[in-house]
Amino acid sequence: MLMIFIYFFVFLFFLIFDFMPLLHSKYKGVAIFYSCIFSLSFIMIVLTGLSVNIPNPNDFIENIVNLFIR
Amino acid sequence: MRNEKISASQAYFLIMTYVIGTSLSITDYSVALENTWLSMLIALIYATPLVIIYGSIMNKFPDMELFQIMEFLFGKIIGKVLSFLYTFYFLHLGSISIRNITEYIQVVSFPETPQYFSALFIGLLAIYVIKSGIEVLTRVNKFLFPLLIAVTILTFIMGIPKSNLSNLLPFLYYGWKPVLEDSFTHLAFPFAETVVFLSLLNIVSEKKKSSKIFLLGIYGGGIILLNVIIRNIVILGFPNLAASTFPSYYAVSLVDVGTFIRGIELIVSINIIVAGFIKISVCLYGACLGICRIFSFDDYKWITVPMGLLMIALSFILYENTMHMFEWVNVYKFYAIPFQIVFPLIIFIFGFFRKDKSKSKDSQ
């Protein structure tokens, strides 16, 4: 829970001081991409903080490597 | 899009630090044992033609970076698909590096401190430095690089009284097979990881010097790593070396001069964290630039924050524990083959023919 709490403030900081100026600029495409990746990161951190198992890219990569090499 | 310039010396110092990067902390000694130094040397020989190919790609297209070259050679669709793969690779490599450093910090220094705490600070620092621009990173690196060299040389010299040269023996007791196998691992991690610099060297002010920059970078970094490996082997020896999780730290912790110089393992930790931070920052830069090219954004600095935060978030879920991290190197060396060898080779061949075509057009 402490992890979620700490990261919440980090995300809040970036939301106010990095995302808001972007939102008011002409770069709408960047703002959409920003919000998607930003939300994804936050969701991943919340789920990790709650000890929920998230699909790990390493397992997927390992399966592919095993398919070809071993 | 970018109006940044770095000098050739800044570029090869950056490659040197990048090569040292996280390899300082997680070099694998369990395959080649006493001959790990030899496998590192062979890996350096393997890496030579590879980085010459990287350099030749950059020399052929001096004003383009990797993502632009791929779009130019393979067209928009295939180019963007390859760009996406490379972007994922750089992002993943950055996450792996963050995790290597946070595992190191937790195991040797702060066992009670959760990894998300150290990951946050390293990640924020990388975000800040890339948001400030790649020139800032190269200047920071040029300032910190003498420290890395000084610490490596100092610990090597101070470790001489504790060294036992017989730890380097027996030489090739199990033959060449484990040495060659291990050298392949060293090639994938760290030498061929310099592929990320294909997205960076187009901003070097001295054009057509990329091969030289790559070679100087990997040889400089390789010599430092070789120095570290020999130091660890002669001080710790086997089986102590195989039993320690982070040998550099434990080897230097044994070093003391008289009764007044002790605890110098802390400066080794600083070395590892600084070099790791540079590596993470370069990976973050590559990933941000890739996204900019895929989605045709104007400036990579706008997306540094979300990409950096994603890198941090990804680092939490990569490994279950420290042992899993070490074992995954055996998967990584195969996973990295397409990005480090296959795709650059294809780009090099296609680039070679594309240039010939343009030449023939000019002559007509």
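Residues numbered from 1 in each chain as written. Chains lettered and ligands numbered in written order. Predicted model: local features only at pLDDT ≥ 70, side-chain atom pairs only at ≥ 80, totals over all residues.

Draft legend 1. Structural detail: the overall build of chain A. Scanning chain A from N- to C-terminus turns up 3 helices and 0 strands. Scaling as 2.2 N^0.38, a compact globule of 70 residues should have a C-alpha radius of gyration of about 11 Å, whereas chain A reaches 17 Å, well beyond that. Along the first, second and third principal axes, the C-alpha set of chain A runs to 50 × 35 × 10 Å. For chain A, the proportion of its 70 residues judged to be buried stands at 16%. (Helix = DSSP H or I, 4+ residues; strand = E, 2+ residues; numbered from the N terminus. Rg over C-alpha atoms; globule rule 2.2 N^0.38 Å. Buried ≥ 20, exposed ≤ 12 C-beta atoms within 10 Å, placed from the backbone.)

Draft legend 2. View of the overall build of chain B. Regarding its fold elements, chain B presents 15 helices and 0 strands. Here the C-alpha radius of gyration of chain B, 20 Å, is about what a compact globule of 364 residues would show, namely 21 Å. In chain B, the share of contacts with a sequence separation of at least 24, taken over all contacts with a separation of at least 6, comes to 84%. (Contact = placed C-beta atoms within 7 Å.)

Draft legend 3. Main features of the confidence of the model for chain A. Averaged over every residue, the pLDDT of chain A is 91; residues scoring 70 or more account for 99%. For chain A, helix α3 (residues 57-68) of chain A is the element with the lowest average pLDDT, namely 91, and helix α2 (residues 28-49) of chain A is the one with the highest, namely 93. (pLDDT = per-residue confidence, 0-100.)

Draft legend 4. Inspection of the nonpolar core at higher detail. Membership of the largest hydrophobic core comes to 130 residues, with the highest contact counts inside it found for B:I15, B:A47, B:Y54, B:L284, B:C288, B:I303 and B:M307. Filtering out sequence-adjacent residues up to four positions away, B:A47 remains in contact with B:L187, B:F191, B:A192 and B:I218. (Core = buried A, V, L, I, M, F, W, Y, C linked by C-beta atoms within 7 Å.)

Draft legend 5. Spotlight on helix α12 (residues 304-317) of chain B. For α12(B), spanning 14 residues, the distance from its first C-alpha to its last is 21 Å, which sits close to the expected 20 Å at 1.5 Å a residue. Most of α12(B) is tucked away: 13 of the 14 residues are buried. (Expected span 1.5 Å × (residues − 1).)

Draft legend 6. Representation of the confidence of the model for chain B in the model. All names here are of chain B. For chain B, per-residue confidence averages 88 on the pLDDT scale, and residues scoring 70 or more make up 97% of the total. Least confident of the elements in chain B is helix α15 (residues 337-363), whose mean pLDDT is 77; most confident is α12, at 94. Across residues 357-364, where pLDDT falls below 50, the model places 0 contacts with residues more than four positions away in sequence or in other chains. Of the two predicted TM-score estimates for the complex, the pTM is 0.94 and the ipTM is 0.96.

Draft legend 7. Geometry of the interface of chain B and chain A. On the chain A side, the residues contacting the 21 residues of chain B number 26 residues. Those elements that place two or more of their residues in the side of chain B that touches chain A are α5 (115-132), α12 and α14 (329-335) of chain B. Split by residue class, the side of chain B that touches chain A holds 20 nonpolar, 1 polar and no charged. (Nonpolar A, V, L, I, M, F, W, Y, C, P; charged D, E, K, R; others polar.)

Draft legend 8. How the structure looks around unusual backbone geometry. Here the amide bond leading from B:L169 into B:P170 is cis, since omega sits at 5 degrees, within 30 degrees of zero. In this structure, A:S51 is a non-glycine residue whose phi angle is positive, near 60 degrees. The residue A:S51 is located in the loop between α2 and α3 in this model. Overall, A:S51 belongs to the exposed group, with 6 C-beta atoms counted inside 10 Å. With a phi angle near 55 degrees, B:S296 is a residue other than glycine that sits in the positive phi range. Mapped onto the secondary structure, B:S296 falls in the loop between α11 (265-294) and α12.

Draft legend 9. Highlighting the environment of A:I69. Within the secondary structure, A:I69 sits in the segment after α3. C-alpha separation for the pair A:I69 and A:F5, spaced 64 residues apart in sequence, amounts to 43 Å.

Draft legend 10. Up close: the packing of α11(B) against α12(B). Residue and element names in this part refer to chain B. Closest axis-to-axis distance for the α11/α12 pair is 10 Å, and the angle between their directions is 125 degrees. Here α11 lies oblique to α12, going by the angle between them. With respect to the hand of their crossing, α11 and α12 are arranged in right-handed fashion. Between α11 and α12, the contacting residues are L284, A287, C288 and I291 on the first element and T304, M307, G308 and M311 on the second. Its residues placed into classes, the contact of α11 with α12 shows 6 nonpolar, 2 polar and no charged. (Axes fitted to C-alpha atoms, helices over the stretch in contact; angles between N-to-C directions. Parallel < 35°, antiparallel > 145°, perpendicular 65-115°, else oblique. Left-handed = near helix turned anticlockwise from the far one by under 90°.)

Draft legend 11. Structural view of the packing of α5(B) against α12(B). Residues and elements named next belong to chain B. Following both chains from N to C, one finds α5 and α12 inclined at 155 degrees, their axes separated by 9 Å at the closest point. Judged by the inter-axis angle, α5 sits roughly antiparallel to α12. The crossing of α5 and α12 is right-handed. Together, Y116, A119, L120, G123, A126, I127, I130 and K131 of α5 and T304, V305, G308, M311, I312, S315 and F316 of α12 make up the contact between the two elements. A class-by-class count of the residues in the contact of α5 with α12 yields 10 nonpolar, 4 polar and 1 charged.

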